[in-house]
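# Examination of the molecular architecture
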Amino acid sequence: MKFTLSWLKEHLETEASLDDILYALTDLGLEVEGVENPREKLKGFKLVKVKEAEKHPDADKLRVCQVETDEGMTQIVCGAPNARAGITAVLAKPGMYIPGLDITISVGKIRGVESHGMMASERELELSDEHNGIIELEGGEVGQEFADYLAERDPSKVDPVIEIAITPNRPDALGVHGIARDLAARGLGTLKPLKAEKVEGSFPNPIPVTITEDGADGCHVFAGRLIKGVKNGPSPQWLQDRLSAIGLRPISALVDVTNFFTYDRNRPLHVFDAAKVEGGLTVHRSKGGEELVALDEKTYTLPEGVMVISAGGKVESIAGIMGGEETGCTEETVDVYLEAAVWNTLDIAKGGRALKINSDARYRNERGIDPAYNMQAIEDATRMILDLCGGEPSEVVVAGEVPDVSRAYHLDTDRVQSLVGMEIAPSRQVEILESLGFEMDSDMAKVPSWRPDVLGEADLVEEVARVESLTHLEPKPMTRPAGVAKQILTPMQVRESAARHQAAGLGYNECVTYSFIDSKSAALFGGGSDAVKLENPISSEMSHMRPDLLAGLLQAASRNQARGFGDLALFECGPAFQGGEPGEQHLQLAGLLVGATGPKDVHGARRVVDLFDAKADAEAVLSAIGAPAKAQILRDTAPWFHPGRSGKICLGPKKVLAQFGELHPKVLKEMGVKGTAVAFTVYLENVPMPRGNKVARAAFFTNDLQAVERDFAFVVDKDVSALDVMNAAGGADKALIEEVRLFDEFIGGSLGEGKKSLAITVRIQPQTDTLKEKDLEELSAKVVAKVEKATGGVLRG
């Protein structure tokens, strides 16, 4: 739907700016799809006065003009035949973009003479196709913006064109008057009332109208009037400008009147050349096979059941969609027959789709027009035709009846506020509906005839909400009913969820296994006692409560390997049981990796999983649930792990957060799992909860003091593990020592039998002050002393 700003102001008394109008339209549900504002293209073009115009010394058709501008006198070389002294023209200064030429002009020399700009023609400014000379203006002041000059003298050339998207349920907004009504309801102005004038007919209508029985359900009412002695020709300039601005081609006064009402009032009309109408008009359904050359000069073969208008036994018009070329009005038309009808919307839609015709008339008639305006529409159009073309009107003949679409719905003002979520006073709600054309009778709202979309109380709520604007809606927290806990999930449930999400994010597939396993498998994981034996098991393979989740995961891995799946990544989160009493269970998350890290590839990236894969994944899960970053790695793990290829993550000897490593070969053999398998178990309940029940993470902190690294090499017995050395060094000062890394191991040489050298890097991070050399020496001495005491090693010389 397109319209111009000046057209809108014919129906809306407003001082609102274009931007305010555009914002309000979209907010009201009439989404703005585009705006063509000619003023933007003309910005910077100003009026100038040509003081002198002399012949160019080297070109007969060029003039060297001395031009008075707002910045003083300047020289312009111009080739227009009308360039002469005394005229007022439009100047484009250097650096300005010329829309009609798609160039940016600059200072240049034309045949050796400098030219500081260009005086423009109408085509160069995209005002028209005129390019035989530069623009000549009457009046105006030097330096005045050309757009302002046009706004005063020829406003149609700088009239913004607005295009909005109309949803199918808003046919009332397919007319400019309906759009103005919405804007007035929003408060952007006052809606101007339409003039309701009745034109008295001076003679009986000689062309009767009949609606056949089969067409009665397709045409509710048909009104017609003959106007004799009209003089058809071009419509007045204001009407041509208005139609041209929205993309319609002015044809003739009679046709332009019908197009005007289509866009102005959402009221499609049709005019017949009465001299070409034989006898009366008959409204009926097509039998199928009839042909009609329509106004678009295409021949249509009509299917059965399409609503048509016939005269003399011949189809003259496709009802509500498009008229026929034969009875169309031309400049020779003297007697015109004006028609206004209300059609069944479904029939129009079906007929238009069957014939593949998209016309403005079909677009509006299939969505629904205002039936109550039908009789006044023929009066208003008659008046406009008489004013533009003259003539003598007949009486109006009517077939059918205007349909009664009256209905009313209850307005529950409290319910409106509850649904919308805003405090809207009852008086304001009534004011909104009345401004949209609703008639209020106590708490009943009578729906206007032009709103076929309002079909219930919910639609009243929508109307109030969209006019009041949901942009005013303020977010408010929902009130909590008494007795409902503020937090639904416990902290441990939140932790469990975070751990499961992290494991899944690492690429593991979640398993859900039974909490019951067989006695033999339970014994492999430290269970199988009578305390966890079931009195009434489901089967012999589910006789005991599981002591560890890895038992169920290994059984699942064995079943998958038997079906050809060799590379597995499985995890489970759930309880494990040490006894049969309350509290003798703990929450675990266990992960199992079997086989290789991925499929075979040409790059050789595939490798067998190892304990470091399990260690990294265990640390990732611990990090996700908020475990302390600093923890010890110890060796003393559960017997189902490989004794030399496993470890546990602790906050001390007794506070075990997780275990990881290769599973013992004997356990794998008993469980029927082939190949290498590594696993980890995270004890979720052993991780300390945040102090003060903090939910969010602590603020990210970056230390602005530079860290220092010191290297140490210790000679220790061959059976001393590197982990013992690293743990001892890290314990020298837990506040300052951020990290300990092993970077070298040397065995043999001058060290002697049974000895080896382990080299470590200690990263020291100052907290409050920069450490001095003395402080670093003292800390280094503590590291050496700690390692010597814990391992018996000595600092390598």
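Located above this text is the structure these notes cover.
Report follows, based on the coordinates. As the structure is a prediction and not an experimental result, all values here were calculated from the model. (Residues numbered from 1 in each chain as written. Predicted model: local features only at pLDDT ≥ 70, side-chain atom pairs only at ≥ 80, totals over all residues. Heavy atoms only, no water.)

### A look at the overall build of the chain
Here is the rule: Only DSSP runs of H or I covering at least 4 residues are called helices, and only runs of E covering at least 2 are called strands; the numbering of each starts at the N terminus. Only C-alpha atoms enter the radius of gyration; for comparison, a globular chain is expected to reach 2.2 Å times N to the power 0.38, where N is the number of residues. In this scheme, a residue with accessible area under 20% of its type's maximum is buried, one over 50% is exposed, and one in between is partly exposed, where area comes from a 1.4 Å probe on protein chains only.
For the chain, the helix and strand inventory stands at 20 helices and 42 strands. Here the C-alpha atoms of the chain give a radius of gyration of 45 Å, more than 25% beyond the 28 Å that 2.2 N^0.38 yields for 797 residues. Counting only C-alpha atoms and orienting by the principal axes, one finds that the chain spans roughly 130 × 90 × 60 Å. Looking at the chain residue by residue over its 797 residues, the buried ones come to 47%.

### What about the pattern of salt bridges?
Two side chains that carry opposite charge are able to pair once their charged atoms sit near each other. To be explicit about the condition: Here, a salt bridge means any Lys or Arg side-chain nitrogen found within 4 Å of an Asp or Glu carboxyl oxygen.
Within this structure, the stated rule accounts for 49 salt bridges. For Glu572, the salt bridge identified is with Arg546, shortest N-O distance 3.2 Å. Taken together, the positions of Glu572 in strand 33 (residues 568-577) and Arg546 in the loop between strand 32 (544-545) and helix 16 (549-562) put the pair 26 residues apart, joining distant regions of the chain. Both residues of the pair, Glu572 and Arg546, count as buried.

### Considering the nonpolar core
It is characteristic of soluble globular proteins that their nonpolar side chains tend to be buried jointly. Put simply, the test is: Among buried residues, those of type Ala, Val, Leu, Ile, Met, Phe, Trp, Tyr and Cys that are joined through side-chain atoms within 4.5 Å constitute a nonpolar core. Contact definition: two residues touch when any of their heavy atoms are within 4.5 Å.
In terms of nonpolar packing, the biggest core is built from 73 residues, with Met1, Phe3, Leu8, Leu25, Ile164, Ile179 and Leu183 touching the most fellow members. Of all the elements, helix 10 (residues 374-389) adds the most residues to this core, at seven residues. If near-sequence neighbours (up to four positions away) are discounted, Ile179 is found in contact with Met1, Phe3, Leu8, Leu25, Leu30, Ile164 and Ala173. Among the nonpolar cores identified, the runner-up in size contains 34 residues, and Cys219, Met307, Ala319 and Ile348 belong to it.

### Some points on a negative patch on the surface
Short version of the rule: Patches draw on residues past 30% relative accessible area with no salt bridge. Two like charges within 9 Å are joined, as are two nonpolar side chains (Val, Leu, Ile, Met, Phe, Trp, Tyr) within 5 Å. Accessible surface area values rest on a Shrake-Rupley calculation with a 1.4 Å probe, where residue burial reflects the displayed protein chains alone. We treat Lys and Arg as the positive residues and Asp and Glu as the negative residues; His and chain ends play no part in the count. Charged side chains are reduced to one point each, which is NZ for Lys, CZ for Arg, CG for Asp and CD for Glu.
Together, Asp412, Asp414, Asp441, Asp443 and Glu457 make up a region of like negative charge exposed at the surface. One can find Glu457 in helix 13 (residues 457-468).

### Points about the sheet that holds strand 18 (residues 281-285)
The line we're drawing: By this definition, two strands are paired if DSSP reports at least two bridges between them.
Strand order in the open sheet made by the five strands is 15-18-21-22-23, with mixed pairing throughout. Across the chains shown, the open sheet's two edge strands, defined by having one partner strand only, are strand 15 (209-211) and strand 23 (322-323).

### Looking at the packing of helix 11 (residues 413-420) against helix 13
Let me state the cut-off plainly: Every angle, taken between N-to-C directions, lies between 0 and 180 degrees, and every axis is a line fitted to C-alpha atoms, over only the stretch in contact when it is a helix. Convention used here: angles under 35 degrees read as roughly parallel, angles over 145 as roughly antiparallel, angles from 65 to 115 as roughly perpendicular, and any remaining angle as oblique. Handedness of a crossing follows from how the near helix is turned relative to the far one, being left-handed for an anticlockwise turn of less than a right angle and right-handed for a clockwise one. Under this grouping Gly is polar, as are all residues other than the nonpolar Ala, Val, Leu, Ile, Met, Phe, Trp, Tyr, Cys and Pro and the charged Asp, Glu, Lys and Arg.
One can describe the packing of helix 11 onto helix 13 by two numbers: an axis separation of 10 Å at closest approach and a directional angle of 60 degrees. It follows that helix 11 is oblique to helix 13 by the angle criterion. For the element pair helix 11 and helix 13, the recorded crossing hand is right-handed. Where helix 11 abuts helix 13, its residues Val416, Leu419 and Val420 lie against Val461, Val464 and Ala465. Taken together, the residues of the contact of helix 11 with helix 13 sort by class into six nonpolar, no polar and no charged.

### What about the side chain of Thr681?
The topology assignment puts Thr681 in strand 38 (residues 677-683). According to the relative accessible area criterion, Thr681 is buried, its value standing at 1%. Apart from the residues lying within four places of it in its own chain, the contact partners of Thr681 are Asp548, Leu550, Gln588, Leu589, Ala590, Leu657, Ala658 and Gln659.

### Description of a nonpolar patch on the surface
On the surface, a nonpolar cluster with roughly 310 Å² of combined accessible area is contributed by Ile488, Leu489 and Val494. For Leu489, the position within the fold is in the loop between helix 13 and helix 14 (491-505).

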